[in-house]
Amino acid sequence: MALPKPSSPLPRVLVPEKLSPDGLTLLRANADVDERRGLPPDELLKIIPDYDALVVRSETKVTHEVLQAAKNLRVVARAGVGVDNVDVDTATKLGIVVVNSPSGNIGAAAEHTIALMLSMARKIPHACSSLKEGKWERSKFVGVEVKGKTLGIIGLGKVMRLDYGEFLMTRFSIVAVANRPTSLRSTTPLIASTKGMDIPLPELAQMKPRCPDTQCCSRRYPLMKVALLEALESGHIAGAGIDVFTSEPPTQDSFAANLIAHPNVVATPHLGASTIEAQENVSIDVCEQVLQILGGALPRSAVNAPLILPDEYKRLEPFVRLVEKMGSLYTQHYSSSTSFDANRNAFDLIYEGELSGVNNTKPLFAALVKGLVSPISSTNVSIVNAEFVARERGIVINEKHSRDPSTHSYSSLVTLVARPPSRAPSRAPGAPEAQRPRHNPHQQIISGTCSGSQIVISRLGRFATSFVPEGRLLICHNYDSPGKIGVVGSILGKGGVNINFMSVAPVSKKLLEEDAAREQGQKLYDHSGNGTNTEALMILGVDRPVSQDIVTTLVNAGGVLSASLASL
C-alpha cells in the first residue's frame, strides 16, 4: 500500500522495546527512528518531548506524566492488542492518537489457546517433567479427549472466532455466553465493561465435576480469582491453563503466584502472541499506521477515535484537507487578534451535492476545529479530541446536509458560515439538516470544493474566486479600478516580495442574489454599477512573509482598503 510521505524534516519516532526488523525498516525509510531498549522511566520522561511518535509493546508504561511531557507526540502505537500500559484518557484529551494491532496476532493467540487446552486435557507438561526426571508413569497421566465435550466461551472476539472454526466445531458442543458468565473459558478484552469481572464459586460449581480444562488467555485476568483456586483445590475443576496476569511478572506470594504453583495449573509467561510471524505482523501493522498518521491520514485501528472505513476515508480525504484549510483561512483572514471574536465563535458547516449524503462527518468536524484553532494556539487537535477542544474554547459547530437541488456547478461544495452564538441552532455535531441554510451578507462565509485530490476555495465573503489554499497568501480588498494590480505588484517588489500567483475575485452578483433570496429578498448590492459590486479581492501567493510596513504602504499609498495575511 502507498504511504504518505512525511514532510521534511523527517518525524522522530522512539522505539524503546524490541520491534521486528521489517517494521523498523519500514519506519526508517520514512522517519528518524531511535531504538532505546530498556529505557528507564525517568529517562523516557526526559526525552519524550523530542518525539512525534512512540512505538511500544507491553513493558513500557506510557503514563499521564509521560504524555503531558510529550509536547510533540501525535501517536502512540502499541505493537499488539492490549493498551492497558497506555493512559488512553490522557492521550485523548491531548489529541494523541493511540493505535494498536487488533488482528496481527490473533492467529498466534488462537493457537496458544488451543495448545493450553490440549496440554491440560492430556497432561502434557506434567508428563514431560516426569519423563525428564527419569520416570515412566504412564498410568499417572491418563488424560481425556476433547471431542464431544461441551465448551463454554466468554468473549467471542477475533481470537475466539478464529478458534471457533473447524477444530472446535468438529469436537465440541459450543456454548457461547455473552453476559453473565457460566462457562469456563475467557478471551475477553480488558475494557471498562469487563475489568474486574469475576466468576464466583456458585457459578463454577454449576459446571460438571472434574471439568478438565479451565483457561484464561485474556488481558483482563484475574478471571475467577479465589473461586478458581478453591475449585482447583476441591477437585471440582481438574485443571487450569493461564497465560495472562494482572501484574507481569507475578510477585512472590501473590494470588497469581499461588495459582501458578498449583500442581494442576499449566501457566505460560504471556506467550499468546509470541511467535515470529505474529511479531512481524503487528510490527508492520502499527508502523504503517504510525506513518499514515504522521502523514496526515486517519488511523484505521485507533482505540480512542471513531472507526473510519478505508472507503469512507478515501472519499472524505480531500475534503478533510479542504475543511482544515477553510478553518485556518477563516481565523487568519477574518480575525485580527489571537482569539476568536466573541460574536463569531459559532459556525454552520454545510455539505452540498454528493457530500451531503455522507453520514460519518467526524473527520470533517475535527478538521474544522483544527483549522480554526491552529493559527492561534499550539494545542494539538486531532480527531480524538476535536469535540473536547471545541467545548473548551466555546466553539459551536452546526453541521448541515443540504438536500435541495444545487445551484452551483460543483459535484460537492462545503461552505463555512460564521454566526453570532444567539443565532446558532443548538444541535449535536453531525446531526443532519434537510433545509438549505440562509446566508446573511454580513456574515463571514468561505466555500470550497475538490476536483479529484485538488482543493479549491471558490468563495471568500461576497467574492467569487478560485485559488488553491496553499503556502503564504496576501489578501487585498480594494476597489476594482484600472492599474490596481500594477500598484500592488510594485509595492511588493520594492519590499523584496515575489508573487507566485494572483487571483482577482470580484463581488459576485449571483452569490448576493442567492443570499438575498434566502434572506427575505433584501437588497444586497447597487444595480447601478456603483457600490459593493465595484469592489474586488486580490489573492496573491507570495514567496516570503509580508511585513507590517508593506501592509501599511499597501493601504496608505496603494489604495488598498484592507489587507490580511494567511499562512496555509
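Here is a short report on the structure shown in this document. Remember, predicted model here, so these are calculated numbers, not experimental data.

**Looking at the layout of surface pockets**
- In this structure, the second largest pocket spans a volume of roughly 1,100 Å³.
- What lines the second largest pocket is a set of 38 residues, among which Gly295, Gly296, Ala297, Leu298 and Tyr313 lie closest to the centre.
- Of all elements in the fold, only helix H12 (276-294), helix H13 (310-334) and helix H14 (362-373) reach the threshold of two or more residues within the lining of the second largest pocket.
- Of all the elements, H13 adds the most residues to the lining of the second largest pocket, at nine residues.
- Here the residues of the lining of the second largest pocket are counted per class, giving 20 nonpolar, nine polar and nine charged.
- Both of domain 1 (12-103 + 277-295) and domain 3 (308-336 + 343-421 + 443-461) provide at least three residues apiece to the lining of the second largest pocket.

**Points about the pairing of strand S15 (residues 445-451)**
- Burial analysis of S15 places six of its seven residues in the buried class, the great majority of the element.
- Sheet analysis places strand S14 (residues 412-419) next to S15, joined by four bridges and oriented antiparallel. Across the sheet, the residue bridging to Val414 is Gly448, located in S15.
- Where S15 lies against strand S16 (residues 454-460), six bridges are found, and the strand directions are antiparallel. Opposite Thr449, over in S16, you have Val456 as the bridge partner.
- Taken together, S15 and the strand that follows it, S16, pair antiparallel across an intervening segment of two residues, in which Gly452 is found at a positive phi of about 65°.

**Describing the packing of aromatic side chains**
- What the rule picks out here adds up to two aromatic pairs.
- Measuring from ring centre to ring centre gives 5.3 Å for Tyr330 and Tyr334, while their planes differ by 45°; the resulting arrangement is tilted. Of this pair, Tyr330 and Tyr334 both sit in helix H13, four residues apart, roughly one helical turn.
- Both rings, one in Tyr330 and one in Phe347, keep their centres 5.1 Å apart while their planes meet at 90°; by these two values the pair is edge-to-face. Taken together, the residues span a long stretch of sequence, with Tyr330 in helix H13 and Phe347 in strand S12 (residues 346-353) at a distance of 17 residues. In this pair, the class of Tyr330 matches that of Phe347, namely buried.
- An aromatic cluster of at least three residues, connected via ring pairs, comprises Tyr330, Tyr334 and Phe347.
- One cation-aromatic arrangement involves Arg12 over Tyr51; the distance from NZ or CZ to the ring centre is 4.6 Å.

**Some remarks on the sheet that holds strand S19 (residues 499-506)**
- Read across the sheet, four strands follow the order S19-S20-S18-S21 without closing on themselves; strand pairing throughout is antiparallel. Strands with a single pairing partner mark the edges of an open sheet, and in this sheet they are S19 and strand S21 (560-567). Averaged over neighbouring strand pairs, the angle between their axes works out to 15° when direction is ignored.
- Against the sheet, H13 touches strand S18 (472-479) and S21, its axis set at about 140° to S21.
- In the packing of helix H16 (residues 484-494) onto the sheet, the strands contacted are S18, S19, strand S20 (535-542) and S21, and the crossing angle to S20 comes to about 35°.

**Quick word on H16**
- Of the positions making up H16, those classed as buried are Lys484, Val488, Ile491 and Leu492. One side of H16 holds all its buried residues, which, seen down the axis, span an arc of 100°.
- Where the residues of H16 are buried, they touch S18, S19, S20, helix H18 (548-556) and S21.
- Just beyond H16, the residue with positive phi is Gly496, at close to 75°.

Conventions and cut-offs
Residues numbered from 1 in each chain as written. Predicted model: local features only at pLDDT ≥ 70, side-chain atom pairs only at ≥ 80, totals over all residues. Heavy atoms only, no water. 1 Å grid on protein atoms, 1.4 Å probe; cavity = no way out; pocket = protein on both sides within 12 Å on 5 of 7 lines; lining within 4 Å. Points joined across faces, edges and corners; volume = space filled by probe spheres on them. Helix = DSSP H or I, 4+ residues; strand = E, 2+ residues; numbered from the N terminus. Nonpolar A, V, L, I, M, F, W, Y, C, P; charged D, E, K, R; others polar. Domains from an automatic or database assignment. Buried < 20%, exposed > 50% of the residue type's maximum accessible area, 1.4 Å probe, protein only. Pairing = 2+ DSSP bridges. Phe/Tyr/Trp six-rings, centres within 6.5 Å; stacked < 30°, edge-to-face > 60°. Lys NZ or Arg CZ within 6 Å of the ring centre and 35° of its normal. Axes fitted to C-alpha atoms, helices over the stretch in contact; angles between N-to-C directions. Contact = heavy atoms within 4.5 Å. Arc of directions from axis to C-beta.

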